[in-house]
Amino acid sequence: MTTFGSGHIERLPSGSFRVHVYSGIDPLTGRQLRHRKTVKTEEEAQIALGRLLEDAATGRRPDTRVTVGELLDRYMEVAELDLSTRQTYEGYIRRTILPALGSNEVRKVRGPVLDTFYTRLRRCSNLACTGRPLTEHIWFPPLAVVPGRRPAWQQVADQIREAISSGQLAPGDQLPSAREIADLHGLRLATLHHAMAALDVEGLIKVRQGRRAVVGGEDDVAASPRARRTGVRHDCASSGCQQHKCKPMSALTIRQIHAILSGAFNAAVRWEWIDRNPAASAKLPKAKPRSPSSPEPDQVAKVIAAARDLGLDLLALYLWLAAVTGARRGELCGLQWADLDLDRGIMHVAYSYLVLPGVKVRKDTKTHQDRHLAIDDVTVTVLTERRHYVQGELERVGVEFPASAYVFSHDPIGTVPWNPNWVTKKVSEVAEAAGIRMNVKSLRHYSASQLLAGGIDLRNTAARLGHGGGGATTLRHYADPVSEVDRRAAAYLAQLTAPSPTASRTGVVAPDA
C-alpha cells in the first residue's frame, strides 16, 4: 500500500489498484467521506489519485452509500410540513416506503425501480402479496367472556397475557385494532380499550397513538413468522383467518407517495448525495379526476331542519355557517366569539382547530392566510341570539362570558372546541336521518357552486373559500360539474336548432326527444 497525503493506493489480490482519498465527515450522516476508484495499472492509479485529491480539495462529494431510509429520516427533519401533512407522510413512509425501498442505497435507485414499485402497489397495497394464493393468519387468540365472573376487561387481559406467555403472540407482533377485535368476538369496545391499557402498563404490549399496538419485547421487532410459530397450535376458523384479497392502492395515494420520494430525492440532489432525481423519470399512474358533488339548496335546508328536530340546535348553526361561508370544518371548530364582529357583519377566519393522535392545537389555516368574510343579516341575527343565550346561561351561575370562548363547544363556557372528526360523524348521521347523502365538505362544494351559478365572479368566490392560485382550485375541486353558464349554452344551442312555427308548417319538424 502506497500513501500520498490524505489518500492511498491499495493493490488488490486480482492485480488491480484501488485508490482511496479521505475528505472529511458528512455532517448529516456522521459517516466518513471517501473517494474511491479502481483501475488496472499503477500508472492509472497515480492519475486517479491526483484527480480524487483535487475533487476532495474543491469540496466535491464522493459517491455516498446512504440508504433511502436514512435519506427519509434526514428529509423529514428539515421538511417544512403542517402537523397533519407530517403525520400523513410519516404513515406512508412507515407502512409502504420503508418496507419496500428503505434498505436500498439512494444512488442505486432509478426510474425503473420506482416504476416497478408503483406497479406492485397498483396490483395490491400489501407488499407481501406475490399474486399467489395467500392466507392472512391472525395469531390473536379467540376471546371469550363468561358473565358473572371477574370483570370482562380482566378476563380479556388474562387471555391476551396467556397468549403472549405461551408464544402464540411473539414480540413485535402487530395486534388487530380494538374495533376489529370487538367486531370479531362480539365484545364491547370499552372492554378492549381497558384491557389493552392495562397490558400496556405492564409492558406486555405497546399501545401507539395512530398505529396498531404491538407485543413488547426484543425491541418490539418481530422474528421470522415460521421460526416463532413452531409448536404453537393455531385454529384458522376460530381466529378469523381469511384468504388474502388484493386491494389495489389508488392512483391518488401512489401519487402522494411519489411526492414524498420526489421531495426526498430533491433534497439528496441539493446535498450532493446524487446527481439527479430518479423520481423525475418515473411513470405515475393516471389519477381519475373526482367529480365534485354539491347538494341542492332544498337538501341543505332539510338537513339543517333535521338537526333542529333532533334537538341539535348548535349543530344546525354550524351547518348554516358552513353553507353560507364555505369555511372548512376545522376553521369553524376553531372559531371564537372574538373572531365575530356582529355589529359590522364580519367573520374573521384566521385559525383552524386540528386534532391528531396526541395533538390538539389551534393553528393557522390550511393555506396560511386569514380572511374576512361578510355575513348576512340573518346569520348575524342567529349568532347574536346564540351569544345572548350563552351569556344568559353563564350569568345565572355567576360566570363571566369570556371573549375567547369557542362558538362551537360542548363546554358551556366554550373553553374546548368541537373535535372536527366528531363533527364529520355527527353531520353524516343527521344527513342520513334526513334521507340526504351529504357530508361537511359537500357544504363547501355547495357554497362554491351556488356562488358561481349566481353570477359571483371566480376571484371573489375563491377568496371567500380561502383558495389561492386565482381560483384554479375552486374550479377544479369545488365548482358544480354542470355550471349555470353551460346550461345557458345548451339552451342557446337548442333555441337555434329548434324549428320555427313557419318551418314546422312547411314540413321541417324537430327530431323525437
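Bear in mind the structure is a predicted one, so any value in this text is a computation, not a measurement. (Residues numbered from 1 in each chain as written. Predicted model: local features only at pLDDT ≥ 70, side-chain atom pairs only at ≥ 80, totals over all residues. Heavy atoms only, no water.)

### Brief notes about the packing of aromatic side chains
Throughout the structure, instances matching the rule amount to eight aromatic pairs. Aromatic side chains phenylalanine 117 and tyrosine 118 sit 5.7 Å apart centroid to centroid with 40° between the ring planes, which places their arrangement in the tilted category. Accessibility classification places phenylalanine 117 together with tyrosine 118 in one group, the buried group. Summarising the aromatic geometry, the rings of tyrosine 318 and tryptophan 418 are spaced 5.9 Å apart at their centres and angled 40° between planes, so their arrangement reads as tilted. Within this pair, whereas tyrosine 318 is found in helix H12 (residues 313-325), its partner tryptophan 418 is found in the loop between helix H14 (377-396) and helix H15 (420-433), the two being separated by 100 residues in sequence. Take tyrosine 318 and tryptophan 418: they sit in the same class, and that class is buried. The structure contains a cluster of three or more aromatic residues connected by ring pairs, namely Tyr318, Phe408, Trp418 and Trp422. (Phe/Tyr/Trp six-rings, centres within 6.5 Å; stacked < 30°, edge-to-face > 60°. Buried < 20%, exposed > 50% of the residue type's maximum accessible area, 1.4 Å probe, protein only. Helix = DSSP H or I, 4+ residues; strand = E, 2+ residues; numbered from the N terminus.)

### Looking at the sheet that holds strand S13 (residues 371-374)
Here three strands make up an open sheet; going across it, the order is S9-S10-S13 and the pairing antiparallel. At either end of the open sheet lies a strand with only one pairing partner, and these are strand S9 (340-341) and S13. Direction of pairing for strand S10 (residues 346-349) relative to S13: antiparallel, over a ladder of four bridges. Bridge pairing in S13 places histidine 348 opposite histidine 372. (Pairing = 2+ DSSP bridges.)

### Focus: the pairing of strand S12 (residues 359-364)
Here strand S11 (residues 351-356) pairs with S12 via six bridges, running antiparallel. Along S12, the bridge assignment pairs serine 352 with lysine 363. Linkage of S11 to S12, two consecutive antiparallel strands, is achieved through a turn of two residues, within which glycine 358 is found at a positive phi near 80°.

### Focus on helix H11 (residues 297-309)
Helix length check: H11, at 13 residues, gives a terminal C-alpha distance of 18 Å against a target of 18 Å (1.5 Å per residue), a fit within 8%. Within H11, burial applies to Val300, Val303, Ile304, Ala306 and Ala307. Seen from one end, H11 has its buried residues packed into an arc of 155°, which puts them on one side. Facing away from the buried side of H11, by more than 90 degrees, are the exposed residues Asp298 and Asp309. Its buried side turned inward, H11 meets H12, H15 and helix H16 (440-453). Glycine 311, located one to two residues past H11, shows a positive phi value of around 80°. (Expected span 1.5 Å × (residues − 1). Arc of directions from axis to C-beta. Contact = heavy atoms within 4.5 Å.)

### Quick word on unusual backbone geometry
Of all residues except glycine, most have a negative phi; of all peptide bonds, most are trans. We note that histidine 368 has phi near 60°; this positive angle belongs to a residue other than glycine. Here histidine 368 shows up in the loop between S12 and S13.

### Topic: the pairing of strand S2 (residues 7-11)
Bridge analysis of S2 against strand S3 (residues 17-25) gives five bridges, and the strand direction is antiparallel. Looking across to S3, one finds that histidine 8 is bridged to histidine 20. In sequence, S2 turns back onto S3 through a hairpin of five residues, with glycine 15 there showing a positive phi of about 100°.

### Some points on the nonpolar core
With 46 residues, the main nonpolar core has Tyr318 and Met347 as its most contacted residues. Breaking this core down by element, the ones donating at least two residues are H11, H12, helix H13 (329-333), S10, S11, H14, H15 and H16. When residues in this core are grouped by element, the largest group, nine residues, is from H12. Look past the residues within four positions of methionine 347 in its chain and what remains in contact with it is Leu321, Thr325, Leu332, Leu335, Asp339, Leu340, Arg371, His372, Leu373 and Ile375. (Core = buried A, V, L, I, M, F, W, Y, C linked by side-chain atoms within 4.5 Å.)

### So, the pattern of salt bridges
In this structure the tally under the stated criterion is 11 salt bridges. Across the salt bridge formed by glutamate 105 and arginine 107, the nearest N and O atoms sit 3.1 Å from each other. On the basis of relative accessibility, which here comes to 17%, the residue glutamate 105 falls in the buried class. Of the charged contacts, one joins lysine 426 and glutamate 429 as a salt bridge, the two residues approaching to 3.6 Å between their closest N and O atoms. Placement of the pair is lysine 426 and glutamate 429 together in helix H15, with a separation of three residues, close to one helical turn. (Salt bridge = Lys/Arg side-chain N within 4 Å of Asp/Glu carboxyl O.)

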